[in-house]
Amino acid sequence: MNPEEQSKVLEAWQASARYWDKYRVLIAQMFAPLTSGLVEEAQIGIGQKVLDIGGGSGEPSLTISCIVGPTGSVMYTDPVAGMVETAQAEAGRRGLINIHFRQCSADDLPFEDRAFDVAVSRLSAMFFLDPVTAVREALRVIVEGGYVAFVVWGPTEANPFFSTITDVIDRFVEFPKQDPDAPDAFRFAVPGKLAGILVKADAENAIERQLNFQIEAAISFEQFWQLRTEMSETLREKMARLTPAQLPTIKQAVADAARRYFVSGKMSFPAEALIVSGRNPTI
Ligand SMILES: C[S@@+](CC[C@H](N)C(=O)[O-])C[C@H]1O[C@@H](n2cnc3c(N)ncnc32)[C@H](O)[C@@H]1O
């Protein structure tokens, strides 16, 4: 990704920040299994110093701040000002004092070598400017033997939370085929791709695990439709290209495709993520 593409990515996230704030409770709930997966994988516990890379509206930083407790700490990072502001405001509302905030990009971390015990990143690695440099940076700032752990989405076919809408829209409007290395939620969906980047960045014991879970929340199809079409810049862009006449047809087709995921006032989508971890080599 060149710097121009990177600034487009950051602008898109800046535009998304208010929606990630608006839906923060649902986001925390829906993606909680991803945070648990990262905490388990990186063996995060009381008293640790944890770096969160690309923390968005605050997760997993806010959850981990409670796990490490007052003897530990969390350094939340994100390159987008709007994201940092919303996460910081939420930490303030919750009275969390062991969490610190820095606006920075994954590929240029403003921290000393070995400043943290572990580094984690939830759903952010797909947007890194230069993933190998970013993983090297994460390894540089953690202690010898410390873990880096990233969670990314698995294939779109295994993630109907996303594909039920995009599959329908793509039938109506043609979009140019994307470069598989372009910043996108599914950039690392191919098994082994992100693990290969960890190996390239000299992480030790690079491992990839598949995490299957349910994206669940007590919301209706209508609320799901609103949340998805607001939160995603890609969808906002695609929707903007539809004619007003296409919109109700598309929404109805999505409602039909999504019906089986909404039962008794609850949304439940099967989902697949990949947790990719490695360790900082011990010299
Ligand atoms: C899908 S959101 C995930 C946010 C949060 N971790 C969560 O799981 O709710 C992706 C985040 O990656 C951040 N991001 C984009 N480019 C980045 C970069 N170069 N370095 C670090 N984070 C980046 C975005 O600003 C955004 O907050």
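Computed from a predicted model, the values in this text were never measured in an experiment.

Trainee: Provide a residue-level description of the overall build of the protein chain, including the pertinent values.
Mentor: Tallying secondary structure elements over the protein chain gives eleven helices and eight strands in all. Taken against the 2.2 N^0.38 rule, which gives 19 Å for 283 residues, the C-alpha radius of gyration of the protein chain at 19 Å falls within 12% of a compact globule. Principal-axis analysis of the C-alpha atoms places the extent of the protein chain at approximately 60 × 40 × 30 Å. Per-residue burial for the protein chain yields a buried fraction of 54% across its 283 residues. Considering only intrachain contacts with a sequence separation of at least 6, the fraction spanning at least 24 residues in the protein chain is 83%.

Trainee: Got a sec to walk through the site of the ligand? Specific residues and values, please.
Mentor: Around the ligand, the structure places 21 residues, and the nearest of them are Gly54, Glu59, Asp78, Ala106 and Arg122. Contact distances for the ligand include 2.6 Å between an oxygen atom and a side-chain N or O atom of Arg122. Counting residues per element, the shell around the ligand draws most heavily on helix 1 (residues 3-22), which supplies four residues. Looking at the shell around the ligand residue by residue, the classes come out as eleven nonpolar, six polar and four charged.

Trainee: Any chance you could break down the pattern of salt bridges for me, citing the residues and the numbers?
Mentor: Oppositely charged side chains are able to pair whenever their charged atoms sit close together. Across all of its chains, the model carries 15 salt bridges by this definition. For the salt bridge of Glu216 with Lys266, the shortest nitrogen-to-oxygen distance reads 3.7 Å. Of this pair, Glu216 sits in strand 6 (residues 204-217) while Lys266 sits in strand 8 (residues 266-279); the two residues are 50 residues apart in sequence, bridging distant segments of the chain. With a relative accessible area of 32%, Glu216 lands in the partly exposed category. The partly exposed category is assigned to Lys266, whose relative accessible area is 39%. Notably, a salt bridge pairs Arg259 with Asp256, separated by 3.1 Å at the nearest N-O pair.

Trainee: Please provide a residue-by-residue account of the side chain of Arg187, values included.
Mentor: Mapped onto the elements, Arg187 comes out in the loop between helix 7 (160-172) and helix 8 (193-200). Buried and unpaired, Arg187 has Asp181 as its nearest opposite-charge partner, separated by 4.9 Å. A distance of 2.7 Å separates a polar side-chain atom of Arg187 from the backbone oxygen of Met126. At a separation of 3.2 Å, a polar atom in the side chain of Arg187 contacts the main-chain carbonyl oxygen of Asp181. Beyond its immediate chain neighbours, meaning those up to four positions away, Arg187 contacts Met1, Ala125, Met126, Phe127, Phe128, Leu129, Pro131, Pro180, Asp181, Ala182 and Lys193.

Trainee: Explain the packing of helix 7 against helix 11 (residues 246-258) to me, using residue names and the numbers behind them.
Mentor: Contact geometry for helix 7 and helix 11: axes closest at 9 Å, N-to-C directions at 140 degrees. On the basis of the axis angle, helix 7 is oblique to helix 11. Here helix 7 and helix 11 pass one another in a crossing that is right-handed. Residue-level contacts link Thr164, Ile165, Val168, Ile169, Arg171 and Phe172 of helix 7 to Gln246, Thr249, Ile250, Ala253, Val254, Ala257 and Ala258 of helix 11. Taken together, the residues of the contact of helix 7 with helix 11 break down into nine nonpolar, three polar and one charged.

Trainee: Describe helix 1, and please don't skip the residues or the numbers.
Mentor: Owing to its 3.6 residues per turn, the α-helix brings residues three or four apart onto one side. Given a rise of 1.5 Å per residue, 20 residues ought to cover 28 Å, and the 29 Å separating the end C-alpha atoms of helix 1 matches this to within 8%. Where helix 1 bends most, the angle comes to about 40 degrees, and this point is Ser16. Taken together, the buried positions of helix 1 are occupied by Gln6, Val9, Ala12, Ser16, Ala17, Tyr19 and Trp20.

Trainee: I'd like to hear about the nonpolar core, residue by residue, with values.
Mentor: Taken as a class, soluble globular proteins show a tendency for nonpolar side chains to be buried jointly. Trp153, Phe161, Ile215 and Met267 are the most contacted members of the largest nonpolar core, which has 97 residues in total. Residues contacting Ile215, with those up to four places away along its chain left out, are Met30, Phe31, Trp153, Phe161, Met267, Ser268, Phe269 and Ala271.

Trainee: Give a detailed account of the pairing of strand 1 (residues 49-53), specifying residues and quantitative values.
Mentor: In terms of burial, strand 1 is a largely internal element, four of the five residues being buried. Two strands pair when backbone bridges link them, and strand 1 and strand 2 (residues 73-78) are joined in this way by five bridges, in the parallel orientation. The residue of strand 2 that forms the bridge with Lys49 is Ser73. Two strands pair when backbone bridges link them, and strand 1 and strand 4 (residues 118-122) are joined in this way by three bridges, in the parallel orientation. Opposite Asp52, over in strand 4, you have Val120 as the bridge partner.

Trainee: For the pairing of strand 3 (residues 99-103), give the residues involved together with the corresponding values.
Mentor: Alignment of strand 2 against strand 3, held across five bridges, turns out to be parallel. In the sheet register, Val74 faces strand 3, and the bridge partner there is Ile99. Handedness of the crossover is the feature at issue here: the chain leaves strand 2, passes through helix 5 (residues 81-93), returns alongside strand 3, and the resulting connection is right-handed.

Rules behind the numbers
- Residues numbered from 1 in each chain as written.
- Predicted model: local features only at pLDDT ≥ 70, side-chain atom pairs only at ≥ 80, totals over all residues.
- Heavy atoms only, no water.
- Helix = DSSP H or I, 4+ residues; strand = E, 2+ residues; numbered from the N terminus.
- Rg over C-alpha atoms; globule rule 2.2 N^0.38 Å.
- Buried < 20%, exposed > 50% of the residue type's maximum accessible area, 1.4 Å probe, protein only.
- Contact = heavy atoms within 4.5 Å.
- Near = heavy atom within 4 Å.
- Polar contact = N/O pair within 3.5 Å; in protein donor to acceptor, adjacent residues only side chain to side chain.
- Nonpolar A, V, L, I, M, F, W, Y, C, P; charged D, E, K, R; others polar.
- Salt bridge = Lys/Arg side-chain N within 4 Å of Asp/Glu carboxyl O.
- Lys, Arg positive; Asp, Glu negative; His and termini not counted.
- Axes fitted to C-alpha atoms, helices over the stretch in contact; angles between N-to-C directions.
- Parallel < 35°, antiparallel > 145°, perpendicular 65-115°, else oblique.
- Left-handed = near helix turned anticlockwise from the far one by under 90°.
- Expected span 1.5 Å × (residues − 1).
- Bend = angle between axes of the 7 residues up to and from the residue.
- Core = buried A, V, L, I, M, F, W, Y, C linked by side-chain atoms within 4.5 Å.
- Pairing = 2+ DSSP bridges.
- Right-handed = clockwise from strand over helix to strand, strands pointing away.

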